[in-house]
Amino acid sequence: FWWGTSHEQMYTDFCQRFVDGKAGRLLDVGCGLGFFLEKVSGFPQWDAFGCEVSRPAVEFARTKLGLANIICGRIEKTDLPEGSFDIITLWDVIEHIPQPDQFLSCLMPLLKDDGFLFAHTPNIRIQLPKAKLKKLLSGSNRRLHYLEARDHANIYSRTTLATVLERNGLPHVRFIHLRPISGIAGNSRWLLRGIKNAWFHSAILLDRATFGRLSIDNLFVIAKRRAF
């Protein structure tokens, strides 16, 4: 439910903006169970490839979703041809990488000169106040974890994420909005979905009203070598 149904609208938004009506090759790094790749594979003009370190996840993508173009292993160890992808996507990946510069340096040669890298990641401007509120409500319980997942090595703001991308050869950065995950922490109740959608539309209004200075949405970024 979480990686398939809950992310369906988000993946649909992405494909409508960047895949539908176009043609090319896409690489999803950290593709997980493969639901985004399955979505892209529905567009016959696109060749969709994935790379994932979890062997059970790769097995699921191959056997349950019928996806053949998935490499099991680290992107650093692959022999994919340079300059062969129009789009490289990182859905909830970069926050797990302790040293993002080394990671991005492995991706850059794979990207075409006029291609773009997309990343989705939590926003520290939201996660930090939420963590403080959780701590206030729960007290000083050392067994609880307040700031996102324990395996998130870095949590970015717009500024810090743009800085990392720019210093790795992607100086043209644009933040966008995609529809949110349908549910909270795996819960699909209609009230929670309604809250998420209301927050999403509020985030768009605040972003426009403050000319990008106030962002309360997750971070969705498009980064390119060349100007948009």
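Residues numbered from 1 in each chain as written. Predicted model: local features only at pLDDT ≥ 70, side-chain atom pairs only at ≥ 80, totals over all residues. Heavy atoms only, no water.

A. Quick look at the pattern of salt bridges. Overall, the coordinates contain seven salt bridges when judged by the stated rule. Residue E8 pairs with K39 through a salt bridge whose shortest N-O separation is 2.6 Å. In this pair, E8 sits in helix α1 (residues 8-18) while K39 sits in helix α2 (residues 35-41), placing the two residues 31 residues apart along the sequence. In this structure E8 comes out as partly exposed when scored by relative accessible area, which is 35%. (Salt bridge = Lys/Arg side-chain N within 4 Å of Asp/Glu carboxyl O. Helix = DSSP H or I, 4+ residues; strand = E, 2+ residues; numbered from the N terminus. Buried < 20%, exposed > 50% of the residue type's maximum accessible area, 1.4 Å probe, protein only.)

B. Geometry of the packing of aromatic side chains. Summed over all chains, the structure comprises eleven aromatic pairs. Aromatic side chains F14 and W91 sit 5.7 Å apart centroid to centroid with 70 degrees between the ring planes, which places their arrangement in the edge-to-face category. Of this pair, F14 sits in helix α1 while W91 sits in strand β4 (residues 85-91), and the two are 77 residues apart along the sequence. W91 shares its class with F14; the two are buried. Cation over ring: R25 sits above F85, and NZ or CZ is 5.0 Å from the ring centre. Above the plane of the ring of F228 lies R174, whose end atom (NZ or CZ) is 4.1 Å from the centre. (Phe/Tyr/Trp six-rings, centres within 6.5 Å; stacked < 30°, edge-to-face > 60°. Lys NZ or Arg CZ within 6 Å of the ring centre and 35° of its normal.)

C. Broad picture of the sheet that holds strand β6 (residues 172-176). Read from one edge of the open sheet, seven strands run β3-β2-β1-β4-β5-β7-β6, paired in mixed fashion. Each edge of the sheet is formed by a strand with only one pairing partner; in this case those strands are β3 (70-72) and β6. Looking at each pair of strands side by side, their axes are set apart by 20 degrees on average, direction ignored. Examined bridge by bridge, strand β2 (residues 46-52) and β3 share three bridges and lie parallel to one another. Within β3, the position partnered with G50 by the bridge is I70. On top of the sheet, α1 reaches β1 (24-29), β2, β4, β5 (111-121), β6 and β7 (219-224); it is set at about 160 degrees to β4, its chief contact. Across the sheet, helix α4 (residues 100-107) lies against β1, β4 and β5, angled at about 150 degrees from β4, the strand it touches most. (Pairing = 2+ DSSP bridges. Axes fitted to C-alpha atoms, helices over the stretch in contact; angles between N-to-C directions. Contact = heavy atoms within 4.5 Å.)

D. Region of the structure containing the pairing of β5. In terms of burial, β5 is a largely internal element, eight of the eleven residues being buried. When β4 meets β5, the two strands line up parallel, connected through six bridges. Considered in β5, the bridge of T89 is made with F118. For the handedness criterion, the β-α-β arrangement of β4, α4 and β5 is classed as right-handed. Bridge count between β5 and β7: six bridges; the pairing is antiparallel. Its bridge partner lying in β7, H120 is registered against F220. (Right-handed = clockwise from strand over helix to strand, strands pointing away.)

E. Region of interest: unusual backbone geometry. Even without being glycine, D92 reaches a positive phi, approximately 55 degrees. Residue placement: D92 occurs in the loop between β4 and α4. The backbone phi angle of F211 is positive, close to 55 degrees, even though this residue is not glycine. Summarising the element assignment, F211 is placed in the loop between α7 (190-209) and β7. By relative accessible area, F211 is classed as exposed at 69%.

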